[in-house]
Amino acid sequence: MKNQPPAVSADLTQLEKESRSATKAQLAEFWYYFSQNKGAVVGLVIFSALVVVAALAPWVAPHDPGFQFRENFLTPPFWEDGGTTSFLLGTDAVGRDILSRLIYGARFSLFIGIIVVAVSLTGGIVIGLIAGYMRGIVDTLIMRLMDIILSFPSLLLALVLVAILGPGLVNAMIAIAIVLQPHFVRLTRAAVLAERNRDYVVAARVAGAGHIRLMFKTILPNCLAPLIVQATLAFSNAILDAAALGFLGMGAQPPTPEWGTMLSEAREFILSAWWVVTFPGIAILVTVLAINLVGDGLRDALDPKLKRS
Amino acid sequence: MSLLEIRNLKVEFDTAKGPFKALDGVDYTVDAGEVLAIVGESGSGKSVAMLATMGLLPDSATIAADKMEFEGLDLQTLSARDRRRVIGKDISMIFQEPIASLNPCFTVGFQLGETLKAHTDLRGKKVKTRVLELMHAVGLPDPEGRFNAFPHQMSGGQCQRVMIAMAIACSPKLLIADEPTTALDVTIQKQILDLLVQLQRDSGMGLIMITHDMGVVAETADRVIVQYKGRKMEEADVLSLFERPQNPYTKALLSALPENATGDRLPTVSDFAEAGGF
Amino acid sequence: MSGDTILKVRDLYRVYETKATMFRKAKSLTAVKGVSFDVERGTTLAVVGESGCGKSTLARMLTMIDAQSSGSIEVDGLPINIAKTGISKEMRQRVQIVFQNPYGSLNPRQKIGDVLEEPLLLNTDMPAVERRDLALQMLQKVGLQPEHYGRYPHMFSGGQRQRIAIARAIMLKPKLLVLDEPVSALDLSVQAQILNLLKDLQDEMGLTYVFISHDLSVVRYLSDKVMVMYFGEVVEYGTRDEVFNAPQHDYTKKLFAATPQADVASIRKRLALKADAA
C-alpha cells in the first residue's frame, strides 16, 4: 500500500460538508422526537420566555424592584378594587412592585439553577465515572459516602450545611449542589457500568486507549442522555430548594427579590393580602413545571436513540 | 378452507423520516398440518406479518388487508377481548430469545400453569398434572425437578422448550415460531427443530417458521415464502424452491450459502440484483 | 509459505476465580484448558465450538484483552504475557480483533473517520493529514465511500458497520487478525460479501486469521486449518479436509450431524422419510 493520497481526498470541502450534514441529521432526529411530546414543547416555550424576560429584566420591569412606593403599601392587583394599572400585580408590605420583583427574581432562580446544576453535574460525573470505571474498593467507598448523603432528608441536610456555612445565596447554592450531587454520581455510575463492557469500549482498549481516554472520550459521551434528563430535573429541584431555603430565611437575604425570600417576607399577610404570597408561588410552580416538562421531552428524545444504536 | 388466510397485507410504520412500508401487499395461506417457512433477511418484513396477525404491533403501525381470516373468523373486526380468546389458545407464538420471553420472577411451572388457567377450565391439582405432562412432551429432563426452577436456572435450550410447552399448552391450531433457534447452539438447534416438527406432525397443527436460515428451511418446511423488502419474491414447495428457484433473489440467496460455494468467491445478492433487476 | 509460523500457542490455560464471600466458597472455573496450536503466515485457523467452549476466552487472550493464567503465546516471535510485561505499542500493532456484533462494536457517538483514525492516533506519531488519507484509503479498500468518513455508525447497515470494524482492525496493518464470529450477526447475502472481503484482504495484505465461529459451512469455506473446542479443550485439530472428511472425535461428528443441510438430496431424503411416516 503506497502512501499516495486517493483521488477523492482532494475534495475536502465535500467531506466536511458530509460531516456537518451528519451532525445536522442527528439534531433533526432529536428535534423530531422532542417535538412529538407536546407538553415538552409548551415547557420549552415557557422556559425560553422566562429566560428572555430574565435577561431583559431592566427593560421589561415597570419599576425598580427595590424602590418603595410610600403611598402604595399592599396595593392589590389591578383588577381588584383599589388596584392600579401602574402596579399590575400589586405591591407588597413596603410598597415594592411585585411584578418587577418577580421579573428580577427570575434572574436569581435561573442563576441558582445553572450554577447548582453545573457544580453538581461536573462533580457527579467525575466521581461517578471513577466509581463505575475503577470498581473495587474505590467504588465501594464512594458509593457508601453517597448513600450517607442520600440518607438525610435533602432539605434538612441543606439546612445543616447552610447553618455551618452561614446564610446567604452563595452558601445556599453550595449546599444544594452537595445535596443533589449523589443523584448524578449514582446515575453516572450506573450508565458507566452498563457501557464499560460493551464491545466498542473493548475495541478502543485493543486500539490502545488509556484509562482517561476510555473514561472521558469513549464511555462518557454514551452516558450523557440520562444525565441530561437528570440535569433538567435537578435544575427545577435547585430552584425549589433555593426557594425553600429562602422561605426559611437561610437562603437569599432580604431585600433580594428571590422568589422564596419574597414568600417568606409575605408570610404574615397570607390572610389579608393574598397576592403577596400567591404570585411568587405561581412563579415557582410554573417555572418548575415547565422545566420538568422539558426534561420529560428530553427523555423521550434521547432514550430510544440509545437503544437503537 | 385454509387455517389462516391473509390477502394483500400492508403494514406501515411512522418514523422520524416519514412513513416506512414494512409490508407491501403480501398474501399468506396456511393449511392445517402444514409447515410454512417465511424466509427473508432483516428488513424483509418476515416477522411483521405474523405480529400484525397476532395484534402485537405497536401503535405506530398502520395495518390494512383485504382479508385476514383465521378459520373463517375475520381477525380485523375482532374486538380486543375476542382476539385475546383466539390468540394464545388457537394461535400461539414462540420467539427468538427464550430467556427473555419468560418472566424471571416466577418459576416455569407457575408460568405454564397460568397459561393453562387463562385458556382452559383446568384448576387445582389437574393443572400441575397437565404442566408436568407438557414438560415431559417437550423433552425437558426431570420435569418434577424443573417445575420449581426459575428461568435463569436453565439453559437457553431448556427455556425454549418451556416456551414451546407454553405455546402448545392449549393445543393450538396454529403455531408461529419466530426465529426459534437463532439464539441457540447448533446441536441444541437440531433438537428444538426436531421437537417442533414432531409436535406439529403429532398434533396436525399448522406451523409457521419465520427464519433467515436456509438450513432451517430445508430441514423443516413443506412450503416456503421468500420475502425481500416487504414483498413476496417467490412461493414454492421446499423441494422445487431449492432445486429450481425461479426468482433471481432466491437464486442469489441460495448461491450465497457458503456450502454451495463453487468458485473461490461467493456470489452476492448484488451480483444477481444487477442481472435480475428486483 | 509453510513453516513460517506467526502464532505459536503452547499449553494455554485461563482460570476464572470467584472470591469467597460470607455465603459462598471460592470457586474456580477453567475456561481454557491447555490449548496448543500454531498458525502459519497468511493462513486461516478456524476455531469451532458452541457457547461456553472457551473460544471467545481464547480470542480475548490472543488480543491481549485478558491475560492468560499460564502457558505461552508468541506472535511473530514476540512473547505475549500482559500480566507480566504489560502491553507495548509494538504488541498492539501485531494483533487486532473484529467482534461479532457490528451494532455494539462501534462507538455510537464517534464518527467513522474518528473510529478509523483512533488506532493511528494512539499508536503512531502520524500527522493528522496523513491519518485522514489513510482512513480514506481504508474506506475504499473495504468497499465503502469516502463520503462515509463524516457519518455516525447508526447511519449504516449491519454489513457496512462490519466493514468499518474490519477497517479499524487493519488500520495498524496487524500481522494477526482475530475474527470473533464476524459474520454470524449478519444476513446471508451480507455474510457472503464480508467473507469475500476477508478473503481479498488476506490475499492483498498477507493477513493471518484466527477465525472463531460456530457455523461449519462458513468455516469450511474460509479456513485452512480447523480446531474444534469443547469445554475448554481442543478435541480435534487438523487441516480443513482432514477434519471435514474424517472427523475423529465424537463431538465433532455430533456437530456435523446437527448442522442443517440445505442441499436438494437432504431435502428429498427428509420428505421421503416424512411420507413413509404418514
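As the structure is a computational prediction, the values presented were derived from the model and not from experiment. (Residues numbered from 1 in each chain as written. Chains lettered and ligands numbered in written order. Predicted model: local features only at pLDDT ≥ 70, side-chain atom pairs only at ≥ 80, totals over all residues. Heavy atoms only, no water.)

## Some remarks on the overall build of chain B
Selection criterion: Runs of H or I in DSSP of at least four residues are treated as helices and runs of E of at least two as strands, each being numbered from the N terminus. Every radius of gyration here is taken over C-alpha atoms, with the globule rule written as 2.2 Å times N^0.38, N being the number of residues. Each residue is placed in one exposure class: buried if its accessible area under a 1.4 Å probe, protein chains only, is under 20% of its type's maximum, exposed if it is over 50%, and partly exposed if it falls in between. Whether two residues touch is decided by their heavy atoms; if any such pair falls within 4.5 Å, the residues are in contact. Note on charges: Lys and Arg go in the positive column, Asp and Glu in the negative column, and His and the chain ends are not counted at all. Here the site of a charge means atom NZ of a Lys, CZ of an Arg, CG of an Asp or CD of a Glu.
From N to C terminus, chain B includes 12 helices and 11 strands. The C-alpha radius of gyration of chain B comes to 20 Å, within 12% of the 19 Å expected for a compact globule of 278 residues. Looking at chain B as a whole, 53% of its 278 residues qualify as buried. Contacts spanning at least 24 positions in sequence make up 66% of the contacts within chain B whose residues lie at least 6 apart. Between the mean site of the 29 positive side-chain charges and the mean site of the 37 negative ones, chain B shows a separation of 6 Å.

## Considering the domain arrangement of chain B
Residue and element names in this part refer to chain B. This is how it is decided: Domain delimitation in this document rests on an assignment produced automatically or drawn from a domain database. Once two parts are brought into contact, the accessible area they lose, counted with a 1.4 Å probe and summed over both, makes up the buried area. Whenever a carboxyl oxygen of Asp or Glu lies within 4 Å of a side-chain nitrogen of Lys or Arg, that contact is scored as a salt bridge. For the purposes of these results, a polar contact is taken to be a pair of N or O atoms within 3.5 Å, where, inside protein, one atom must be able to donate a hydrogen and its partner to accept one; residues adjacent in sequence count only when each atom of the pair is a side-chain atom. Throughout this entry, Asp, Glu, Lys and Arg are counted as charged residues, while Ala, Val, Leu, Ile, Met, Phe, Trp, Tyr, Cys and Pro are counted as nonpolar. The remaining residues, Gly among them, count as polar.
Taken domain by domain, chain B consists of domain 1 (1-90 + 202-246) and domain 2 (250-278). Look at where the C-alpha atoms of domain 1 and domain 2 centre, and you get two points 25 Å apart. In this complex, domain 1 contributes 10 residues to the contact, which on the side of domain 2 involves 6 residues. When the two sides are added together, the surface that domain 1 and domain 2 hide from each other amounts to roughly 790 Å², 81% of it contributed by carbon and sulfur. The largest share of the area that domain 1 buries against domain 2 comes from Met214, Tyr228 and Pro245, three residues that together contribute 50% of it. Where domain 1 touches domain 2, the interface holds 0 salt bridges. Counting across the interface, domain 1 meets domain 2 through 1 residue pair in polar contact (both at pLDDT 80 or more). Partitioned by chemical class, the residues of the side of domain 1 that touches domain 2 number 7 nonpolar, 1 polar and 2 charged.

## Overview of the packing of aromatic side chains
Residues and elements named next belong to chain A. In plain terms, the rule: Pairing of aromatic rings covers Phe, Tyr and the six-membered ring of Trp, with a centre-to-centre limit of 6.5 Å; geometry is then stacked below 30 degrees between planes, edge-to-face above 60, and tilted otherwise.
For the structure shown, the criterion picks out 15 aromatic pairs over all chains. A ring pair is formed by Phe67 and Phe69, whose centres lie 4.9 Å apart and whose planes are at 75 degrees; its orientation type is edge-to-face. What makes Phe69 buried here is its relative accessible area of 18%. Where Trp274 meets Phe279, the ring centres are 5.9 Å apart and the plane angle is 50 degrees; that geometry is what we call tilted.

## So, helix 4 (residues 108-119) of chain B
All names here are of chain B. Quick reminder of the rule: To estimate how far a helix should extend, the number of its residues minus one is multiplied by 1.5 Å.
Look at helix 4: 17 Å from first C-alpha to last across 12 residues, which is about the 16 Å you get at 1.5 Å a residue. Every buried residue of helix 4 is accounted for by Val108, Gly109, Gln111, Leu112, Gly113, Thr115 and Leu116. Looking at the buried residues of helix 4, the elements they touch are helix 5 (125-137), helix 6 (143-147) and helix 7 (156-167).

## What to know about the UniProt feature "domain: ABC transporter" (unreviewed entry) in chain B
Worth spelling out the cut-off: UniProt positions are given in the numbering used here, feature names are shortened, and annotations may be inferred rather than shown by experiment.
With numbering matched to this structure, UniProt assigns "domain: ABC transporter" (unreviewed entry) to residues 6-254 of chain B. Annotation note: span residues 6-254 of chain B, helix share 40%, strand share 27%, distance between end C-alpha atoms 27 Å.

## Focus: the interface of chain C and chain A
The interface of chain C with chain A comprises 39 residues on the first partner and 36 residues on the second. Here chain C packs against chain A, burying approximately 3400 Å² in sum over the two surfaces, 58% of which is carbon and sulfur. Taken as a group, Arg109, Gln137 and His154 of chain C account for 18% of the area that chain C buries against chain A, more than any other trio of residues on that side. Inspection of the chain C/chain A interface yields 2 salt bridges. At 8 residues, the largest contribution of residues to the side of chain C that touches chain A is made by helix 5 (residues 128-141) of chain C. Its residues placed into classes, the side of chain C that touches chain A shows 15 nonpolar, 11 polar and 13 charged.

## Examining the environment of Leu245 of chain A
All names here are of chain A. Along the chain, Leu245 turns up in helix 9 (residues 211-247). Residue Leu245 is classed as buried on the basis of its relative accessible area of 0%. Setting aside chain neighbours within four positions, we find Leu245 in contact with Ala158, Leu159, Val162, Ala172, Ile176, Met250 and Gly251.

## Details of the sheet that holds strand 1 (residues 5-18) of chain C
Residues and elements named next belong to chain C. As a reminder, the rule being used: Pairing between strands is defined by DSSP: at least two bridges between the two strands are required. For helices, the axis comes from a line fit to the C-alpha atoms of the stretch in contact; other axes are also lines fit to C-alpha atoms, and the angle between any two N-to-C directions lies between 0 and 180 degrees.
With antiparallel pairing, the 4 strands of this open sheet are ordered in space as 2-1-4-5. At either end of the open sheet lies a strand with only one pairing partner, and these are strand 2 (27-40) and strand 5 (78-80). When strand polarity is set aside, the average angle formed by the axes of neighbouring strands in this sheet is 25 degrees. Judged from the 11 bridges that link them, strand 1 and strand 2 form a sheet pairing that is antiparallel. By the bridge assignment, Val15 is partnered in strand 2 with Thr30. The strands that helix 1 (residues 55-62) touches are strand 1, strand 2 and strand 4 (70-75); relative to strand 1, the one it contacts most, it runs at about 115 degrees.

## Quick word on the packing of helix 7 (residues 169-195) of chain A against helix 9 of chain A
All names here are of chain A. Heads up, the condition is: An angle below 35 degrees is treated as roughly parallel, one above 145 as roughly antiparallel, one from 65 to 115 as roughly perpendicular, and anything else as oblique. Helix crossings are classified by the rotation of the near helix relative to the far one: an anticlockwise turn of less than a right angle makes the crossing left-handed, while a clockwise turn makes it right-handed.
The geometry of helix 7 relative to helix 9 is characterised by a closest axis approach of 9 Å and an angle of 160 degrees between their N-to-C directions. If you check the angle between helix 7 and helix 9, you find them roughly antiparallel. In the crossing of helix 7 with helix 9, the sense of the turn from one axis to the other is right-handed.

## Considerations on helix 11 (residues 248-255) of chain B
Residue and element names in this part refer to chain B. With 6 of 8 residues buried, helix 11 is to be regarded as a mostly interior element. Within helix 11 the residues assigned to the buried category are Tyr249, Thr250, Ala252, Leu253, Leu254 and Ser255. N-cap assignment for helix 11: the residue whose side-chain oxygen lies 2.7 Å from the backbone N of Tyr249 is Asn247.

## Overview of a nonpolar patch on the surface
All names here are of chain A. Quick note on the threshold: Patch members must show over 30% relative accessible area and no salt bridge, and they are joined within 9 Å when carrying like charges or within 5 Å when they are nonpolar side chains of Val, Leu, Ile, Met, Phe, Trp or Tyr. We get accessible surface area from the Shrake-Rupley algorithm with a probe of 1.4 Å; when it comes to residues, only the shown protein chains can shield them.
A cluster of nonpolar residues, Leu156, Val160, Ile164, Leu165, Val170, Ile174 and Ile178, forms a patch on the protein surface that exposes about 620 Å² of accessible area. Every element with two or more residues in the nonpolar patch is listed here: helix 6 (154-165) and helix 7. With 4 residues, the single largest contributor to the nonpolar patch is helix 6. Residue position: Val160 is located in helix 6.

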